[in-house]
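Summary of structural features
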Amino acid sequence: MTSRLLGHVNLGRAVLALGMCGAAGGTLVAGLVMPFVGGAGLAARSAASTLTYLPTPLREEPLPEVTRLLDRNGHQIAQFYYQNRQSVPLSAVAPVMRQAIVAIEDARFYEHGGLDLKGTLRAFVTNTRAGGIRQGGSSISQQLVKNIMLTQAESEQERAQALVRSFRRKLDELRYALALERKYTKDQILERYLNIAYFGAGAFGVQAAAKRFFGVDAASLTLTQAATLAGAVRTPYDTDPSLGDEHRDRLRTRRDLVLGRMAELGMIGKDAARTATAEPLALRLSPEPGGCAGSAHPFFCVYVEREVLTNPAFGYSRADRERRLQRGGLTIWTTIDPVAQRAAERAIHARVGARDNQVASETMIEPGTGHIRAMAVSKRYGRNPHDRDLGPSTTYNLAADTAHGGGLGLQAGSTFKVFTLATALKQGMRFGDGFSIPGAYVPSYGYRDCSGKSVNDPNTVIHNAGGEGGGGPLSLEMGTWQSVNIFYMRLEREVGLCDVVQTARSLGIKRADGTPLHEVPTFTLGANEMDPTTVAAAYAAFAARGRYCRPMAVTAVVERDGTRTETPPACVTALEPAVADAVSHVLTGVFTKGTMRGQSIGRPVAGKTGTNNGYTSAWFAGYTPALAAAVSVGDIRGSYRYPLTGVTIGGRYYGAVQGASLPGPIWVDSMRAALRDTPAYGFVPPDMTRFGGGFTPGLKEALEKQRKKEKKKREAERDKHDDGASASAQDATDGAANGGEAASGSATTSPLAGGGRTTPPAVRAAPAAAPLNRSSTARSSTARSSTARSSTARPTRGSPVDTGAHAAARGSSPRAPLRRGAGSAPASRTGWASLALPRAAPPAARPAVRHARTQRAAPGRVTAGRAKAGRPQTGHAATGRATAGAKARRAAVRPETAQHSTAQHGTAEHRAARHGAARHGAAVPPRRSHAGAAGSGQRQGRSTSAARSIRPSGSGHRPGAAAGKSRRASHGGRPDRP
């Protein structure tokens, strides 16, 4: 009996000792001994069964890991994470790191079976003597269980439950720890613990911590670095080195403690411990930003993020997709090309400043795949100081639609005329086909939307750019090259408004705000607000011969287990290849004969300018066979309230921003740089058996009348000048008059005052299968080698040279003589007649001479009588309104703003026309002011200068706010000024 009593006393003392340990070192041991202290009964049997019958190990969800975005070359451009973690195998962790974590957290890890009573007691004694935590009381297995519970918690309530101090939670933690010990080996448990533990400074797992603290991989950690990280695990918030010197001092104390513990256990020598303790922390904190704010290409990053969050391919619900992006550890291969991206950014930032209220944005897309190669905005990504609305930064992806983080968009202006052009060619219209247009046009009948509803607008009066309103015959090509509004309004009525809308939809056109397209008569003039990505993708379809591909930013997704899923292009045939080829052929003339004349990237290109009513926005969209791009410019404060007139952008003053004066040069510079290592390919020639041989009535008579009138003017001017002009200049001039083109809004003395020329009847006799004309490259080459025979404006070296009245469209005098080279075609076959020449025929020579009385001289211009034969021309036309008399000799403004519309020169040409007409007794019609093509329909007041002679319409670009659109927004953007 006595011995039995003594046995109970000894057992009681042991239990009491263990109970004291549990009370001081943690509730775990106390929980274990409580059933025994209670003696017997139901509580003891319940606790015993709890430990005897172990549960199934915790369901381990994959750890949240970093999702990385890579460019097309495999370089990381951004990352997303809920927890900054990158799991690695134990073999990828330095052995010294494994030793350090075991030494400080669970020295008997490889000896116990999940619960280390001896280690717990030792930790209690050590911590009590030290007056703080020096050794862990829980095993690594128990800590792994706690971290798993925390990681799987998706709400603050679940996290609080995982951290609550209770007997039941600690008991469950122990049971799961014992179950893990039965399921995994020790090394497997240690690997999981090193990958799940939080080390502070936003780093989860040893790999992220090594990168964050020291900028190295976990496999390369040194002794002092490993001891530092091991010391941070116990109290990661108190030792977070990113929070200041006090926290760093605590981290160093913990590091030295780990080194001492490793020496005690014989893992390292005492000398090594002393040496390491004397070293500084030597932190190299490297930022590991998550999200797009830390991306090198933030606007493209926003596009990818929104694509993942809205595309059902990434999950059934938005919550599933967000969880996958933030936790999935995906590797997402994207389409962005660093070369094209840099080209777009540099071209934009060279002309538009981040602090400007005006913003420029550009998207580049690869034809045939839809791959987005570049996405750039003039502002920086992020919030402005004090969260101001205006400033150098924005969080709106202005290059994309609202679904991809963009704003409300800008009216696309005359870039939409291409859809009417494609519809006309699809319905059987031929090159050279056309009709005469009036000086003003009212869309009062013939327009129905796709529901069959009449949408005529008898209160709107459409005028051409310049507003002279003379009208005249125009062909399909000239109406496009000079962007003649009335011509395209009439053409849209002839082919059908709904047909044009359907063509646009088939090419992916949709409004930036996601609402239905406005099907109104001015649809062809750009009544709808668009984003550059959508417009670029539509134009890329023409480069791909009618194959439209949805813009795409992701090419492949690699799961954390290495499974790779490719994302194929989403493409459809939107147009017949022959129709697309014909569209491309016409649009190449925009660079050689139209609104972008004189601007080139040194390879075949096609495109279209867009300038909106009131200069509310400006566009250029164009393409080569290898790359398409669209550039938009507008005021971020609201384009209706803040038009692009009288503005200083990027340090340059603009009287009025047009498609060819700012978006055009941005497009040219960016495309030239983006394609510098890409072979130059031409477009497929059009099928002349299908599209050649058109005819426009009245053209021959109009050309003859204009030729005679211009001949009289030249004779009068010759009397005022020296006799130094070559005798052949007269013949060349006659040829230019016969084959030249007059732009929309050119001098009112022209019988084609409405703008443009069409193919004469003689063209119909040309071979039907002959191609339209020679490539722009061939024409430029011939023009550069030709001989100047008169007063010569010297265009930029290597740029296309003007032909006849092509120069007039740019603001020069219609008296400019034709410059011919040794291999030039006869003068009678230049101009529109050359459109039907066989490809083998020599290219028509094109003069670049501008008369001093009606056009300012550009830098490098040679004067009359001083032009040397064979000398290549090197200047190009200056921007600004032409003036008469001595003012023509003034220096021009800088070349980058040289490409202004013909309408800007209207006032000077009108004066020159009056002067010429007065000398020959001709009547001159009065100037007429321009009225809007859309909106209120009321005429604007008479312009006092040519720069204010047109007011094209645009869109309020108000990111994040209602646009407050007026009726003007419903009817769109009128004149695109050449």
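Think of each chain on its own: its residues are numbered from 1, step by step along the sequence as written. The predicted nature of this model means local features are confined to residues of pLDDT at least 70 and side-chain atom pairs, given and counted, to a pLDDT of 80 or more, with totals for whole chains, interfaces and linings taken over all residues. Excluded from the side-chain calculations are hydrogens and water; all other atoms, namely the structure's heavy atoms, are used.

A run of DSSP states H or I qualifies as a helix once it reaches four residues; a run of E qualifies as a strand once it reaches two. Both are numbered from the N-terminal end. In terms of helices and strands, the protein carries 30 helices and 24 strands. Exposure categories follow from relative accessible area, calculated using a 1.4 Å probe and restricted to protein chains: below 20% of the type maximum is buried, above 50% is exposed, and the middle band is partly exposed. For the protein, with 978 residues in total, the buried portion stands at 59%. Every residue pair with non-hydrogen atoms within 4.5 Å of one another is taken to be in contact. For the protein, the proportion of contacts with a sequence separation of at least 24, taken over those separated by at least 6, is 75%. Throughout, the Shrake-Rupley method with a 1.4 Å probe supplies accessible areas, and for residues the shown protein chains are the sole cover considered. Per element, the accessible surface of the protein, about 37400 Å² overall, is 52% carbon and sulfur.

A separate point is the sheet that holds strand E22 (residues 628–635). Should DSSP find at least two bridges between two strands, the strands are taken to pair. Here we have five strands laid out as an open sheet, ordered E7-E6-E22-E21-E20, and antiparallel in their pairing. Of all strands in the sheet, those with a lone pairing partner are strand E7 (372–377) and strand E20 (606–611), marking the two edges. Going across the sheet, the axis of each strand differs from the next one's by a mean of 5°, ignoring polarity. The pairing of strand E21 (residues 617–623) with E22 spans seven bridges and is antiparallel. The residue bridging Trp 619 from the neighbouring strand is Ser 632, located in E22. Angles shown run from 0 to 180 degrees and are taken between the N-to-C directions of axes, each axis being a line fitted to C-alpha atoms and, for helices, limited to the stretch in contact.

Here Ala 92 shows up in the loop between strand E2 (76–80) and helix H4 (95–105). Judged by its relative accessible area of 24%, Ala 92 falls in the partly exposed class. A sequence separation of 125 residues divides Ala 92 from Asp 217, and the C-alpha atoms of the two residues are 8.5 Å apart. With sequence-adjacent residues up to four places away left out, Ala 92 is seen in contact with Ala 218 and Ala 219.

Here we come to the sheet that holds strand E1 (residues 67–70). An order of E2-E1-E5-E17-E18 is seen for the five strands of this open sheet, with the pairing classed as mixed. Edge strands, defined here as strands with exactly one partner in the open sheet, are E2 and strand E18 (564–566). Each adjacent strand pair in this sheet contributes to an overall mean axis angle of 20°, direction not counted. Lying on the sheet, helix H14 (residues 298–310) is in contact with E1, E2, strand E5 (331–334) and strand E17 (554–558); it crosses E2 at an angle near 45°.

This part takes up the confidence of the model for the protein. Of all residues in the protein, 63% attain a pLDDT of 70 or more, and the chain-wide mean is 73. A residue's pLDDT is the confidence the predictor assigns to it, expressed on a 0 to 100 scale. Scored below 50 in pLDDT, residues 1–52 shows 40 contacts in the model against residues more than four places distant or in partner chains. Counting interchain partners and residues more than four positions distant, the pLDDT-below-50 stretch residues 727–978 has 700 contacts.

Below, the discussion takes up the environment of Ile 372. Mapped onto the elements of the fold, Ile 372 is located in strand E7. The sequence separation of Ile 372 and Ala 537 amounts to 165 residues, and the corresponding C-alpha distance is 8.9 Å.

Take the packing of H14 against helix H15 (residues 318–327) next. When two helices pack together, you describe them by how their axes are tilted relative to each other and by the distance separating the axes. At a minimum axis separation of 8 Å, H14 and H15 run at an interaxial angle of 135°. Between H14 and H15, the interaxial angle falls into the category oblique. Together, Glu 305, Val 308, Leu 309 and Thr 310 of H14 and Arg 318, Arg 321, Glu 322 and Leu 325 of H15 make up the contact between the two elements. Angles below 35 degrees are treated as roughly parallel, those above 145 as roughly antiparallel, those between 65 and 115 as roughly perpendicular, and all remaining angles as oblique.

Turning our eyes to something else, we now look at helix H19 (residues 485–495). Counting buried positions along H19 gives 10 out of 11 residues, so the element sits mostly inside the fold. Gly 496, located one to two residues past H19, shows a positive phi value of around 105°.

Looking now at unusual backbone geometry. One can expect most non-glycine residues to show negative phi and most peptide bonds to be in trans. Even without a glycine there, the phi angle at Arg 545 is positive, about 60°. Here Arg 545 lies in the loop between helix H21 (532–543) and strand E16 (547–549). A positive phi angle, near 55°, is found at Tyr 615, a position not held by glycine. Looking at the secondary structure, you find Tyr 615 in the loop between E20 and E21. Using a relative accessible area of 0% as the deciding quantity, one classes Tyr 615 as buried.

In this section: the state of the cysteines. Throughout, disulfides are identified as pairs of cysteine sulfur atoms within 2.5 Å of each other. Using the criterion set out here, one finds three disulfides in the structure. Residue Cys 450 pairs covalently with Cys 498 via a disulfide, S to S 2.2 Å. The S-S bond linking Cys 450 to Cys 498 shows a torsion near 110°; that makes this disulfide right-handed. Taken together, the positions of Cys 450 in the loop between strand E12 (440–441) and strand E13 (462–463) and Cys 498 in helix H20 (residues 497–506) put the pair 48 residues apart, joining distant regions of the chain.

Let us look at the environment of Thr 402. Looking at the element boundaries, Thr 402 is found in the loop between strand E9 (393–394) and strand E10 (410–411). For the pair formed by Thr 402 and Arg 511, sequence separation is 109 residues and the distance between their alpha carbons is 9.4 Å. Residues in contact with Thr 402, not counting those within four places in the same chain, are Arg 306, Gly 407, Leu 408, Ala 512, Asp 513 and Gly 514.

Moving on: the pattern of salt bridges. Side-chain pairing between opposite charges can occur once the charged atoms of the two side chains come close. Think of a salt bridge as a Lys or Arg side-chain nitrogen and an Asp or Glu carboxyl oxygen that are within 4 Å of each other. The full count for this structure, using the stated rule, is 26 salt bridges. Residues Arg 550 and Glu 307 are paired through a salt bridge, measuring 3.1 Å at the closest nitrogen-oxygen approach. One end of the pair, Arg 550, is in the loop between E16 and E17; the other, Glu 307, is in helix H14, and 243 residues separate them in sequence. Taking relative accessible area as the criterion, Arg 550 reaches 37% and is therefore assigned partly exposed. Judged by its relative accessible area of 7%, Glu 307 is buried. In this structure, Glu 494 and Arg 493 form a salt bridge, with 3.4 Å as the shortest nitrogen-oxygen distance. A single salt-bridge network, built from bridges that share partners, covers Arg 351, Asp 669 and Arg 672.

A separate point is the side chain of Arg 373. Mapped onto the secondary structure, Arg 373 falls in strand E7. Classification of Arg 373 by relative accessible area gives buried; the value is 6%. Residues in contact with Arg 373, not counting those within four places in the same chain, are Arg 72, Thr 335, Ile 336, Asp 337, Ala 340, Gln 341, Met 364, Ile 365, Glu 366 and Leu 627.

On to the packing of aromatic side chains. When two rings of Phe, Tyr or Trp (its six-membered ring) have centres within 6.5 Å they constitute a pair, described as stacked for plane angles under 30 degrees, edge-to-face for angles over 60, and tilted for the intermediate range. Here the structure, examined in full by the defined rule, presents 17 aromatic pairs. Relative to Trp 667, the ring of Phe 591 lies with its centre 5.8 Å away and its plane at 40°, an arrangement referred to as tilted. Residue Phe 591 is located in helix H22 (residues 577–592), and its partner Trp 667 is located in helix H23 (residues 663–674); the two are separated by 76 residues in the primary sequence. The rings of Tyr 539, Phe 542, Tyr 623 and Phe 683 are connected pair by pair, giving a single aromatic cluster. When the ring centre of Phe 109 is taken as origin, the NZ or CZ atom of Lys 186, which lies over that ring, is 4.6 Å away. Here, over-ring charges are defined by two tests on the NZ atom of lysine or the CZ atom of arginine: distance to the ring centre within 6 Å, and angle to the ring normal within 35 degrees.

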